[in-house]
Amino acid sequence: MIRYELEAADISAIRFGISPLSELGLGLRALSQPEGYPLQAPWLRQIADVRPLLDLDVLLALINDRKWTADFVNPRPASPLTSFDDELAELGRISRSRLHTDLERVHGEVPAVFRGRHDLGVARLQRALATTWDLCFAPHWARMSAVLRADIAYRGRIAAQAGMGTVLNGLSDAARYDGRHLDVRLWNPEIRRRPVLGEGLTLVPSIFTVRVSTPIDDDLPPTVMYPARGQGAMWSTSAQPAPDAVVDLLGRTRATLLVALGEPASSTDLALQLGVSTSAINQHLRVMERAGLLNRTRYGRAVLYYRSAAGDALNP
């Protein structure tokens, strides 16, 4: 267990972030142990045909049987809008010492694929990750990132209504906050104390974390990767039909949108989910917002919509 020790200033400085590279790194768990990620089975089926094109010698050298993943592929996101290309470019500047130390923490030694020339090993690592991103993640990132952004918007509302302590205690049953300490229960029961000391604590939602994850190296910036909400509906193509009365009142598309917006989503996310053009979705959202059925909030460059209290009352 790691115990993050938080002062009052540390609580107010807690932030959320999304790291595409970290999501890929954590996704290696599902590639290597698919039975542990039943909610991602549809994704695994969709990428089955491209798996032979992946550099599995490199990818599987980044993870062990306990699902520990090398810290350098789980970076703390610099902002909510961190891009995969920027993170990959930063990884290209990793030192030999850092690369080997992170791998030794995972495996107890440096895997053979990384024992040669450092520059060639890093270049192969970047190619392997870039190929994995292009084939396995980029085609599905709109849907994946929609779940991650919706989770952050939801927890932001909880923080505004009930405080950050409620948010911390709601991350996972493996995380507990007592007003001063955030205890994150990992596989090792030994308590490792980590004062935050103004470095900031970053909360990173993930669809490839079942409980919670933290950096293996306690000297790295405090980060908690936790399971994002709404994963069960991520691969569905449509919502359940609304009852006839609501359909008659709003029309089928708006009634379906009302059901879908129990969690925040952008018009692009909704168009992808419902198979309707983004422009058509935007027209419906504007009407529903004017009618008081929806609220909206901004997350980075995206506008996320979600049901208002009136929408909740009308939703079946």
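This one's a predicted model, so the numbers in the text were calculated from it and none came from an experiment. (Residues numbered from 1 in each chain as written. Predicted model: local features only at pLDDT ≥ 70, side-chain atom pairs only at ≥ 80, totals over all residues. Heavy atoms only, no water.)

## Points about the overall build of the protein chain
A tally of regular secondary structure across the protein chain gives 14 helices and 9 strands. At 21 Å, the protein chain has a C-alpha radius of gyration in line with the 20 Å of a compact globule built from 316 residues. Principal-axis analysis of the C-alpha atoms places the extent of the protein chain at approximately 65 × 50 × 30 Å. Considering the protein chain as a whole, with its 316 residues, one finds that 50% of them fall into the buried category. Split by element, the accessible area of the protein chain, about 14600 Å² in all, is 52% carbon and sulfur. (Helix = DSSP H or I, 4+ residues; strand = E, 2+ residues; numbered from the N terminus. Rg over C-alpha atoms; globule rule 2.2 N^0.38 Å. Buried < 20%, exposed > 50% of the residue type's maximum accessible area, 1.4 Å probe, protein only. Areas by Shrake-Rupley, 256 points an atom, 1.4 Å probe, with all protein chains shown as cover.)

## Remarks on unusual backbone geometry
Even without glycine at this site, Lys-67 takes up a positive phi of about 70°. Following the sequence through the fold, Lys-67 ends up in the loop between helix 4 (56–59) and helix 5 (84–91). On the accessibility criterion, Lys-67 (24% relative accessible area) is partly exposed.

## Focus: the pattern of salt bridges
Counted by the stated rule, this structure contains 15 salt bridges. Linking Asp-269 and Arg-149 is a salt bridge whose minimum nitrogen-to-oxygen distance equals 2.8 Å. Linking Asp-269 in helix 12 (residues 267–274) with Arg-149 in helix 8 (residues 141–162), this pair joins segments that are 120 residues apart in sequence. This pair shows no difference in class: Asp-269 is buried, exactly as Arg-149 is. Put simply, Arg-296 and Glu-289 hold a salt bridge, and the shortest N to O gap is 3.2 Å. Within this structure, Arg-98, Asp-102, Arg-105 and Asp-217 form a network of salt bridges that share partners. (Salt bridge = Lys/Arg side-chain N within 4 Å of Asp/Glu carboxyl O.)

## Re the sheet that holds strand 2 (residues 15–16)
Strand pairing within a sheet occurs via backbone hydrogen bonds; the two strands may be parallel or antiparallel. Spatial strand order, 2-6-7: 3 strands in an open sheet with parallel pairing. Edge positions in the sheet fall to strand 2 and strand 7 (223–227), since each has one partner strand and no second. As judged from the 5 bridges shared by strand 6 (residues 202–206) and strand 7, these two strands associate in the parallel manner. Paired with Thr-202 across the two strands is Thr-223, which belongs to strand 7. (Pairing = 2+ DSSP bridges.)

## Focus: the confidence of the model for the protein chain
Looking at the protein chain as a whole, the pLDDT averages 89, with 97% of positions reaching at least 70. For the stretch residues 238–242, pLDDT sits under 50, and the model shows 11 contacts to residues farther than four places along the chain or on other chains. (pLDDT = per-residue confidence, 0-100. Contact = heavy atoms within 4.5 Å.)

## Regarding the packing of helix 11 (residues 252–260) against helix 12
Closest axis-to-axis distance for the helix 11/helix 12 pair is 12 Å, and the angle between their directions is 115°. One finds that helix 11 runs roughly perpendicular with respect to helix 12. For the crossing formed where helix 11 meets helix 12, the hand is right-handed. Each of Thr-256, Leu-257 and Ala-260 in helix 11 lies in contact with helix 12, whose residues at this interface are Leu-270, Gln-273 and Leu-274. Of the residues contributing to the contact of helix 11 with helix 12, the split by class is 4 nonpolar, 2 polar and no charged. (Axes fitted to C-alpha atoms, helices over the stretch in contact; angles between N-to-C directions. Parallel < 35°, antiparallel > 145°, perpendicular 65-115°, else oblique. Left-handed = near helix turned anticlockwise from the far one by under 90°. Nonpolar A, V, L, I, M, F, W, Y, C, P; charged D, E, K, R; others polar.)

## With respect to the environment of Ser-267
Tracing the backbone through its elements, the reader meets Ser-267 in helix 12. Considered as a pair, Ser-267 and Thr-278 are 11 residues apart in the sequence and their alpha carbons are 6.0 Å apart. Once you skip the residues sitting within four places of it in the chain, Ser-267 turns out to touch Thr-278, Ile-281, Asn-282, Leu-285 and Val-303. At 3.1 Å, the side chain of Ser-267 and the side chain of Asn-282 are in polar contact. (Polar contact = N/O pair within 3.5 Å; in protein donor to acceptor, adjacent residues only side chain to side chain.)

## Looking at the packing of aromatic side chains
Inspection of every chain in the model, using the stated rule, returns 6 aromatic pairs. Taking 4.6 Å as the distance between ring centres and 5° as the angle between the ring planes, the aromatic pair formed by Phe-84 and Trp-133 counts as stacked. Of the two residues, Phe-84 is situated in helix 5 and Trp-133 in helix 7 (residues 118–137); the sequence distance between them amounts to 49 residues. Trp-133 carries the same exposure label as Phe-84, and that label is buried. With 6.1 Å between their ring centres and 65° between their planes, Phe-137 and Phe-208 make a pair best called edge-to-face. Within this pair, whereas Phe-137 is found in helix 7, its partner Phe-208 is found in the loop between strand 6 and strand 7, the two being separated by 71 residues in sequence. Like Phe-137, the residue Phe-208 is buried in the burial classification. Grouped by ring-pair contacts, the aromatic residues Trp-43, Phe-84, Trp-133, Phe-137, Trp-141 and Phe-208 constitute a single cluster. Above the plane of the ring of Tyr-306 lies Arg-157, whose end atom (NZ or CZ) is 4.3 Å from the centre. (Phe/Tyr/Trp six-rings, centres within 6.5 Å; stacked < 30°, edge-to-face > 60°. Lys NZ or Arg CZ within 6 Å of the ring centre and 35° of its normal.)

## Digging into the nonpolar core
Trp-43, Phe-72, Leu-129 and Leu-182 are the most contacted members of the largest nonpolar core, which totals 70 residues. The element contributing the most residues to this core is helix 7, with 7 residues. Not counting residues up to four positions away in its chain, the partners in contact with Trp-43 are Ala-30, Cys-136, Phe-137, His-140, Met-144, Phe-208 and Trp-235. (Core = buried A, V, L, I, M, F, W, Y, C linked by side-chain atoms within 4.5 Å.)

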